[in-house]
Structures are given as structure tokens and as C-alpha cells.
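These are the residues of each chain, in order.
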Amino acid sequence: MTDPMRQPGRDPRTAGFALRRGLSLRGLPFPGARPLGPALPCCLGDGRSRQSAARAGKAAAGDGGGHETAAAMKRRRGTEPEPEPEPERGCLRAWAAQSRAVVGRWTTARCGGQTRRVCRQLRDELRDLLRSIRGLPAALPALPLELTVLYNSLLFTVGASDSVIKGEAEGIRQGLLRVLEACGSCGQDLGMEELWEKVLQEVTVEELQAPLHRLGALQAAWWLAASQLGSVAGLFQLLSTAKDPGRAHCSEGQNKLLSLIKAWRVPPEGSSLPLVQSTKDLKEILRTAAAFLQGLQELEAGNFPTALSLLQEAAGGFCSKNILAQIHTCLGCCAQRMGKPQTALQHLKRALQVDFQCLPALSHVAAVYHDLGEIDTELQALTLLYEALGKSPPAAASSSPYFLMRTELLVHTPVLTSLLQRCHPSEVKYLLAQRCLQDGRVADAVEHYLDFLSLLQEGLQQQVPLDGSSALPRIPEVFLEAASALEQAGRHQDAITVCEEVISRTTDLIPRVLRVEERLEQPESSLPEAELAGGLLSQKKESLCCLAWRAAGYLRQGWAWAKLGKSKEAVTQFSRCLSDLLHVQLHGSGIRHTENLQPEVEVLQKIRLLSLLGRGTQFLELGRNKEALLDFQHSLQISPGDPAAASYLVQALWELNRKQEAAAQWQKFSQSCPAEDGQQQGQGRPLPLYLVSCQEQAVFPHSETLARSIQDYLATAAQDTLS
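Parameters and conventions
Residues numbered from 1 in each chain as written. Predicted model: local features only at pLDDT ≥ 70, side-chain atom pairs only at ≥ 80, totals over all residues. Heavy atoms only, no water. Helix = DSSP H or I, 4+ residues; strand = E, 2+ residues; numbered from the N terminus. Buried < 20%, exposed > 50% of the residue type's maximum accessible area, 1.4 Å probe, protein only. Areas by Shrake-Rupley, 256 points an atom, 1.4 Å probe, with all protein chains shown as cover. Core = buried A, V, L, I, M, F, W, Y, C linked by side-chain atoms within 4.5 Å. Contact = heavy atoms within 4.5 Å. Axes fitted to C-alpha atoms, helices over the stretch in contact; angles between N-to-C directions. Parallel < 35°, antiparallel > 145°, perpendicular 65-115°, else oblique. Nonpolar A, V, L, I, M, F, W, Y, C, P; charged D, E, K, R; others polar. Salt bridge = Lys/Arg side-chain N within 4 Å of Asp/Glu carboxyl O. Phe/Tyr/Trp six-rings, centres within 6.5 Å; stacked < 30°, edge-to-face > 60°. Lys NZ or Arg CZ within 6 Å of the ring centre and 35° of its normal. Left-handed = near helix turned anticlockwise from the far one by under 90°.

If you had to explain the overall build of the protein chain to someone new, which residues and values would you point to?
Secondary structure summary: the protein chain contains 31 helices and two strands in total. Each of the 723 residues in the protein chain was classed as buried or not, and the buried ones make up 47%. A total of about 36200 Å² of accessible surface is found on the protein chain, and carbon and sulfur atoms cover 50% of it.

Just give me the short version of the nonpolar core, but keep the residues and values in it.
In this structure, Tyr449, Leu555, Ile607, Leu613 and Phe632 are the most contacted members of the largest nonpolar core, which totals 106 residues. When residues in this core are grouped by element, the largest group, 13 residues, is from helix α24 (residues 528-563). The residues touching Ile607, leaving out its near neighbours within four places in the chain, are Ala548, Ala551, Ala552, Leu555, Cys577, Leu581 and Leu691. Within the second largest apolar cluster, 99 residues are counted, among which are Ala182, Leu238, Val276 and Cys333.

Can you explain the packing of helix α11 (residues 256-263) against helix α12 (residues 279-301)? Please cite residues and give values.
Where α11 contacts α12, the axes come no closer than 10 Å and their chain directions differ by 175°. The angle between the axes of α11 and α12 places the two elements in the roughly antiparallel class. Counting all contacts with α11, which are made through Leu257, Leu258, Ile261 and Lys262, the residues of α12 involved are Lys283, Leu286, Arg287, Ala290, Ala291 and Gln294. When its residues are assigned to classes, the contact of α11 with α12 shows six nonpolar, one polar and three charged.

Would you mind going over the pattern of salt bridges in detail, with residue names and values included?
In a structure, side chains of opposite charge can pair up when their charged atoms sit close to one another. Per the counting criterion, the structure on display carries 22 salt bridges. Of the charged contacts, one joins Arg105 and Glu125 as a salt bridge, the two residues approaching to 2.8 Å between their closest N and O atoms. Separated by 20 residues along the polypeptide, Arg105 in helix α4 (residues 91-109) and Glu125 in helix α5 (residues 115-133) bring together distant segments of the chain. The class of Glu125 is partly exposed, set by a relative accessible area of 26%. The shortest N-O distance in the salt bridge between Asp124 and Arg123 comes to 3.2 Å. By relative accessible area, which is 36% here, Asp124 ends up partly exposed. The exposure class assigned to Arg123 is buried, which follows from its relative accessible area of 17%. One network of salt bridges, in which partners are shared, links Lys262, Glu284, Arg287 and Glu313.

An account of the packing of aromatic side chains is requested, with residue identities and associated values reported.
Across all of its chains, the model carries nine aromatic pairs by this definition. Each ring, one from Trp654 and one from Tyr713, has its centre 5.9 Å from the other, and the planes form 90°; the classification is edge-to-face. Remark: Tyr713 occurs in helix α31 (residues 703-722) and Trp654 occurs in helix α28 (residues 643-655); sequence separation between them is 59 residues. Aromatic rings pair up to connect Tyr430, Tyr449 and Phe452 into one cluster. Taking the ring centre of Tyr386 as reference, the NZ or CZ of Lys429 above it sits at 4.4 Å.

Residue-level account of the packing of helix α16 (residues 359-372) against helix α17 (residues 375-390), with values.
Put simply, α16 and α17 touch, their axes get as near as 8 Å, and they point 160° apart. Classified by the interaxial angle, the pair formed by α16 and α17 is roughly antiparallel. Considering the relative orientation of α16 and α17, their crossing is left-handed. Within the contact between the two elements, α16 uses Leu359, Leu362, Ser363, Val365, Ala366, Tyr369 and His370 and α17 uses Thr377, Glu378, Ala381, Leu382, Leu384, Leu385, Ala388 and Leu389. Of the residues that constitute the contact of α16 with α17, the class distribution is eleven nonpolar, three polar and one charged.

Written out as C-alpha cells, the structure reads:
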């Protein structure tokens, strides 16, 4: 015999509960509801049908009438029957009481800390309650309670994980299908948007409108978290036109999604079925998140005025302090891109006033001052940022313990992650060093670079982000910049030591011969052959970088030895640099315009030029003028019209007593060099910072003296000709 407590679709706990109280779980009257018709079980009819069914059952069982109901006895005596028991007296009453108790416990616990642990406990209790309710066939009298329990359960799920998990929205689908089942319809094969459309258009029972609207607001939250703004707009179009078609109208110039959310009428909340978060608050959170998300999308697309308007709308919305600080940070970045630095500074300072822990705002402040050329203020901002990063952040507290669904849980986009990227201390320390070196504050630059190198020694992976998003250059370049700062500070031996570290670390990474094209393009095809070619290209570029770093190390050592007055050692290092560059064999069309060269090849060409100039100057110091002349001639072949190479060439000819030739070259270059130099400055890429001081050292220092000597020579020659 089948155990009635184990029938399919029944929860044994609820079945036992009903049997102990003599109740029918399938027949629960709903106050004010219309007869449900044939779509419902017969036991869900009115009181008369249940009494008829009871009498029929007794007759079939051979009941002789000795156990008649009290109502039948009263009717026989001519008195009115007792009213039917209220739903609260049955399972609905018990379930509703359990739901109210859970909400009451949350109201007590939400301000006392440990909210996530409490959320997990209450979520589990509501899930059990929902399983009990769904153990029975879907019935309209129980649906308002079921949908309310589902609403609260989903909010507790969000609070327990502090995130909007995509898979949890499946509970909404099950709730909608239960609504259709109770109405004698189905929608198993429909997608979520079609399912919502079917439910809101076909289900007209007044008692279900408020629970469905609340559930719709939760669905909108899940879609916002997935950036499905079109789906959100369509849902609110349905919600707003369900009762009042005129409310969904959007005026010209207004944002459609925000207009639809504002037009949505929040359903009233009854005290019998309390909510853990009011629908009114949820509506404001949805409006704020929608404005924030759309503002970020417009910012990414470059539509800055529209982005500014939407972000200002979000700033006036319903959010916590840390989200308000993030919105003002985005407003500052938008204003900066619009070319409004003062407006940008106002928004960024406002972000810091709201939440000083919004450190990305401080890094953007430094960037704005950098664009304005206010180096002192920029360095102050970077110093503050570095100090703030060094302090332990305060214990993370819930930004808004009263709300389970919050704006920050719905806004996750790559552009926001990029704008709010938190700097590492090593990045800020490097920026301080770099800015000081660029501004000529050599002593400060040396201190910052040495601090940075100390940070690296404490642990590279802990101090430097390795995901490719860092503002730091490659580590060998930082070492070379540090060597440049040390050399400019007069610490030449320390500079030589730092360069030796770069040379030793890159030696094993450079092939003996490196054949490269002057212009290398990444293959566009995704075929295996193209992927292999792309891998080889990346490997060649990495080898070129390593070669450039080692050659630059030799170059810097050569200039350091030259500053120490040791020309022979300087010539040795310059020669090693030039020998290193012989590893590269360039193949191409022969066009050597700067814009046509890949950056790595251009850097190598610049290092070759500076090394030839450096070695040539040291040959002049040693009196080896012919060798110097050859180096300067090669320099002009690499960079025709270079003013330093041309001036040194003239000096070498002069020192070789080839004065007439020197004068001719000087006249030629004095006419052509200014125009060509201007073209090179307009076309060339900026030099790496570690090469800037080398270029400054290569500038010809005796231009006026040489010019006077040549002019005197030409004047004398002219007089001799006349005489």
C-alpha cells in the first residue's frame, strides 16, 4: 500500500502538519478571490463544494451519520453554520508566520554586524520554506506568499555572497512558471523576456500584481548586472504599461531607460507579508545603477557630454559613499577627456571628500596636474598617494548594512575597472622618480629610484603587477633610468655598476644573429601558420628589446667613463655597444624614414648614432682624429642632417687641418640643418627616458667657437683672393 506521506510532489513535513490539524492542503480559500474554475483541483473550491465532497466521501465509506460535522448539525437545527476558517489558520498562516519571523530576525540583526553570516542562515530557512510551498501544486491563494518568499530569499542570496550570481535568477523563472501553472497555462519553452511578457499580459489577478512587480524589479537587477540594458528597458515597458499605458511615454531628449524606471509605479507593501528590502528602495537603486552603467558606456564610446549628464544623474541617486566617490572619479575622468581640467579637479576632490579611501581619485588628480604642467602639485599628490598606499586600510565594513541589493553589485564593466585601478606602491614610487628625473630634480630622482630598486628586492611579484596593466616600463628600462639619474648626480661609478647588472642579466637572452625586417606586421589570419608567425614575431621583438637594453648599458657606461676622464675605457664601452648592434641584420626596402621603422629598430638606430658620436668625441680627446672622422661620417649616414654629427664632422676636419673642406661642410650644414632638424622633431617618436641624457651629452659644445674660427678663416680666404 502506498504511503500517503511519501506521495510524489508532497513534502512529508507539510503532509504531517496538515494531518495533525485535520486540514486539506489542497483547499485553501483566498479572501475576495473569484472561483478558480476547472484549472484548479476540486478541493480548492468554495466551502459548499468542500462540504459536498465531505458528505459524498462519507456516504461512499458507509458512514451511517453518527459522526456528522458540526455545521451539518447546526443546519439541521435551523441555525447558521460557522464561518469557514481564515487561511491564516491553515498552512498559509503557518508559512506566513515563518516568513514574518525571518524578516523580523533580519530587521534585528542587520545593524548589529555579522550580516553575511545571518544572511546565509536566513537564506537557508527561506529556501526550506519555499521548498515546502512548492511541494504542492501551484494554487492562486498561495502564490502571493510564495512569490514574496522567493523575493526575500533571492535578496538574502545576494547578501550572503555580496554579489549578483547569474545562476540564482533561475528561481525567478520557476516562480513565473508556477504562476502560469496556477492559471492553467505554461511557458517552459520560452526565454526569460518572452516568459515575462506572457505572464504580465495574461495574468490579471489583482492579488498577484504587486508580487509580480517586485519580482520584476529583481529580474531587472540581474539583467543590469549582466549589462542587458535592452532587456531591462523592455521589462519596465511591460511593467509600466500593464495598468497605465500612458506612463511609459519618453519625452524627446530624455534617456529612455531612466524614463521607464521613473514611470514605474512601485506596488504597495502589506504588513502581512513584509519584505527584507522595500521595492521603493530597490527602484532607486535600479535607477542609479542604470544611469551609472549607461554613463560608463558613453564614456567608453567617447560621447563625453552624454556620459557627463548620465554620471551626474547617477551622482544624485541612491548609493553608498564609496559608490558616490567612484561616480565622482568617473566624472573627473570624463571632464579631463573633455579638456576641462579644473572641472575634473573639482569632481576628483569631491570624490576624496566623500571617501578618502578612493585612492584612484588621487592618482587621477596627479595625472591632471601633470597635464597642466604643475609639477610641484603633481609630486605632492603622488607623495600623498604613496603614503596612503603604505598604510593599512581600515577594516572593510558593509557600506550599507540595511540593503542587501546595492548599486555596487550591479555595476561591473571593464572601463570602470580601468578607471578605478588601484596603483601599487612600486608604481607610485616609480612615477615619483620618473617625474623628478624629467624635471631635472636629479637628487630626488636618485632617492626615489633607489627606493624603487629596494622594493623590487623585497619581492618582484608582490610589488609589481604582472597582468600587463601596470604603468611601469620593463624592469631593465627602470635600471637604465636609475643609472641615468646616478650619472647626472655625479655618481658615475654607481651608474656603471647598475648598467653592469642590466648587461649581465640580458646577455643570455640575445641570439648571435638576429634577422629582422625594418617594418614587422602582426599577421591577421588565425590559421596555425599565422599563429606560429606571430609567435616568432613576438620572440624577435623580445630579442630586440634585450639587445637594445644591453647596448644602452654599454652606451651609458661609455658616457660615464668619459665623464670620469677615462677616454680609453670610454672607447672600449662604446665599441662594445657598436659590436653588439652588429648582431642585427636589417632587411627592408631601404626607406629609413622614422615613421616607417618599428619602435625597437628605431631605438637601436638611435643607440648606434649616440655610440658613434660618443666614441668619436673620445677619439678627438685622444688625438685620433682620423678615427673620429670615420665615426662622424657613419653617424651622418645613420641620421643625415643630424646637427651634432655635422658639427663634430666639421671639427674633425678642422683638427686634421682640412680647413677648406671643413668650411665647405659648415656652410652646407648651416643652411640645411635647421629645416631638417625641425622635420625630424616633428616626425620622430620620443626617446626612451634612459637615452635622453645621452643625447644631451652628445650635443656639440663648441658651436660658437667653431663658427667664429670658420668665419675668420673664410674672411681671410676672401681677402687673400681679392689681393
